[in-house]
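Coordinate analysis (summary)
This is what each chain is made of:
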Amino acid sequence: MKQTLYILCVFALLTGVACSSGKKNSGNNATVDSAILKGDSIAALDKTDYSQFYNKPERLDTIIGDWEIHIHLFYDGTSFIEPEGHTYATYPLRINIQKGGKTVVENRIISYKTLLEDDSDQLLLLSFGRNLFVTETTVYVDVTCCPPETDDANNYLLAFSADGKDSKYSINYEFEDGETDSTPLDICTFYAMYAHELAQTKPNPKAIKKVLNKYCTRTFANELLPHTLKNNPLFATPRFSPEWVNTLVIYLPNTVDMTWKVAYRRSPGDGKKVARVLKLKALDDDRYLFDSVDEPGKAVAWEE
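Keep in mind that this is a model prediction, so the values were computed, not measured.

With respect to helix H3 (residues 182–198)
For H3, spanning 17 residues, the distance from its first C-alpha to its last is 25 Å, which sits close to the expected 24 Å at 1.5 Å a residue. The buried count for H3 comes to 17 of 17 residues, which makes it a mostly enclosed element.

Structure follows, in C-alpha cells:
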C-alpha cells in the first residue's frame, strides 16, 4: 500500500465548523458506514435538540473484518458561547468496540480533559478521524482537541487492542523549530503503530506487516518485520518503550538526500536522548514511503 501525503491538519474536526484543518488519507483500511448497523442503544435514546448548537456531533458505526466499531460524539450537557456569539457543545466521545462478537471496549467516555489529563475548564472541542486504521490486534483512532476555528490542535492516536488494553500516543505535527508540516504526523504515527504492535503480549506478524506496508517501501518493511522492541534498528536502543513515542521530535529535513532526523527521550527511564536518521522515498509529488534508517553508530545515532 502506498502512503499518501497527509494535508495538514490530519485530524480534522468532522463537524466542519470547529478546527479549520483537514486530512488526505491513503485509503488503507478506510471505513465505510454500514447501513446495517443500528449503533449503540444509548445513542438511540438520545433526544437532544442539536439545532441549538453551531457544531453537530459526528457518529461512526462500521464493521471492518471481525471488528464492530461505534464511535459517537454526544451531548453531555456542557456548552459555551464563543466571542462571535456561536454556541458550541463540548461533545465527549463514546466508544464501543467488539471483535468476533466479544466486547473489547464498552461505553468508554473520552473528553478533552481525559486527553489532556487536565481537569480545568477550557473552550475546547473534540473531533475524530473517520478513516480508521485497523489491524488484527488493534483499532487506531485519530482524535484532535482544539479551540473553535483554529489549527492550534493537540493530536492523539488512540489504540484499542483486542486484549482489552489501550494506549494514547501524542502525535506531533510540528518540526522542532515550530514549522507545521505533514511529515511529523506520518513519522510519529508510524513510530506509534509499529511500537504498539511490537508491544502486544503476542505480537501478530500480519498486524505488524500491515503497519509496515502502509508506511514503508517493500525493502524497508522486510528489513523491520523480523525485529522486536529489542535492538531494533528503527529505535537504536536496547529495548524501546512505546511511551517514548510521546517525546518524539522531528527536525527540519535535508531535502537533498530526503532524510529527516528523528529524536526521542527515554522518558520515563534514564531521560537520555536518542536520534536516528530516517530516509524517505518520493513516489510522486505528494506521496512518499519510508525507505531506510541509518544503522546505530556515533556518526548517526547519538545520546546526550
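Considering the environment of Phe-220
Among the secondary structure elements, Phe-220 is positioned in helix H5 (residues 218–224). Ignoring any residue separated from it by four or fewer positions in sequence, one finds Phe-220 in contact with Leu-234, Leu-278, Phe-290, Asp-291, Ser-292 and Val-293.

What about the packing of H3 against helix H4 (residues 205–215)?
For the pair H3 and H4, the least separation of the axes is 9 Å and the interaxial angle reads 165°. Here H3 lies roughly antiparallel to H4, going by the angle between them. The handedness of the crossing between H3 and H4 comes out as left-handed. Across the interface between the two elements, Asp-186, Thr-189, Phe-190, Met-193, Tyr-194, Glu-197 and Leu-198 of H3 pack against Ala-207, Ile-208, Val-211, Leu-212 and Tyr-215 of H4. Here the contact of H3 with H4 is composed, by residue class, of 9 nonpolar, 1 polar and 2 charged.

Some details on the side chain of Thr-189
Looking at where Thr-189 falls in the secondary structure, it is placed in helix H3. Thr-189 gets classed as buried once you look at its relative accessible area, which sits at 6%. A polar contact of 2.7 Å, which involves the side chain of Thr-189, links it to the backbone oxygen of Leu-185. If sequence neighbours within four positions are ignored, Thr-189 has contacts with Leu-157, Ile-171 and Tyr-215.

Here's the deal with the nonpolar core
Ranked by internal contacts, the top residues of the largest apolar core, which has 44 residues, are Phe-190, Tyr-191, Tyr-194, Leu-234, Phe-235, Leu-278 and Phe-290. For this core, the leading source of residues is H3, giving 10 residues. Apart from residues no more than four positions distant in its own chain, Phe-290 is found in contact with Asp-186, Ile-187, Phe-190, Tyr-215, Cys-216, Thr-217, Phe-220, Leu-278, Lys-279 and Leu-280. Ile-69, Tyr-91, Ile-110 and Val-141 belong to the second-largest nonpolar core, a separate cluster that totals 30 residues.

Re the pairing of strand S13 (residues 259–265)
Among the 7 residues of S13, 5 are classified as buried, and the element is accordingly described as predominantly covered. As judged from the 2 bridges shared by strand S12 (residues 249–250) and S13, these two strands associate in the antiparallel manner. If you follow Ile-250 over to S13, its bridge partner there is Val-262. The pairing of S13 with strand S14 (residues 273–284) spans 7 bridges and is antiparallel. The partner of Val-262 across the bridge, within S14, is Arg-276.

Regarding the sheet that holds S14
Strands sit in the order S12-S13-S14-S15 across an open sheet of 4 strands; the sheet is antiparallel. Both edges of this open sheet fall to S12 and strand S15 (287–293), since each of them pairs with a single strand only. Sheet strands in contact with H3 are S12, S13, S14 and S15, and its direction is about 55° off that of S15.

Describing the confidence of the model for the chain
When pLDDT is averaged along the chain, the result is 83, and 82% of the positions lie at 70 or above. Low confidence marks residues 1–36, where pLDDT is under 50. Its contacts with residues over four positions away, or in another chain, come to 127 contacts.

A look at the pattern of salt bridges
A complete count under the given rule lists 7 salt bridges for this structure. Ionic pairing is found between Glu-136 and Lys-210, a salt bridge with its closest N-O pair at 3.5 Å. A residue pair is termed long-range when its members are at least 10 positions apart, and Glu-136 in the loop between strand S8 (133–134) and strand S9 (138–146) and Lys-210 in helix H4 qualify at 74 residues.

A word on the pairing of strand S1 (residues 59–64)
Sheet topology note: the S1/strand S2 (residues 67–73) ladder contains 6 bridges and is antiparallel. When the sheet's bridge partners are listed, Asp-61 is paired in S2 with His-70. Hairpin connection from S1 to S2: 2 residues lie between these consecutive antiparallel strands, with Gly-65 at a positive phi of about 60°.

Reading the values: the criteria
Residues numbered from 1 in each chain as written. Predicted model: local features only at pLDDT ≥ 70, side-chain atom pairs only at ≥ 80, totals over all residues. Heavy atoms only, no water. Helix = DSSP H or I, 4+ residues; strand = E, 2+ residues; numbered from the N terminus. Expected span 1.5 Å × (residues − 1). Buried < 20%, exposed > 50% of the residue type's maximum accessible area, 1.4 Å probe, protein only. Contact = heavy atoms within 4.5 Å. Axes fitted to C-alpha atoms, helices over the stretch in contact; angles between N-to-C directions. Parallel < 35°, antiparallel > 145°, perpendicular 65-115°, else oblique. Left-handed = near helix turned anticlockwise from the far one by under 90°. Nonpolar A, V, L, I, M, F, W, Y, C, P; charged D, E, K, R; others polar. Polar contact = N/O pair within 3.5 Å; in protein donor to acceptor, adjacent residues only side chain to side chain. Core = buried A, V, L, I, M, F, W, Y, C linked by side-chain atoms within 4.5 Å. Pairing = 2+ DSSP bridges. pLDDT = per-residue confidence, 0-100. Salt bridge = Lys/Arg side-chain N within 4 Å of Asp/Glu carboxyl O.

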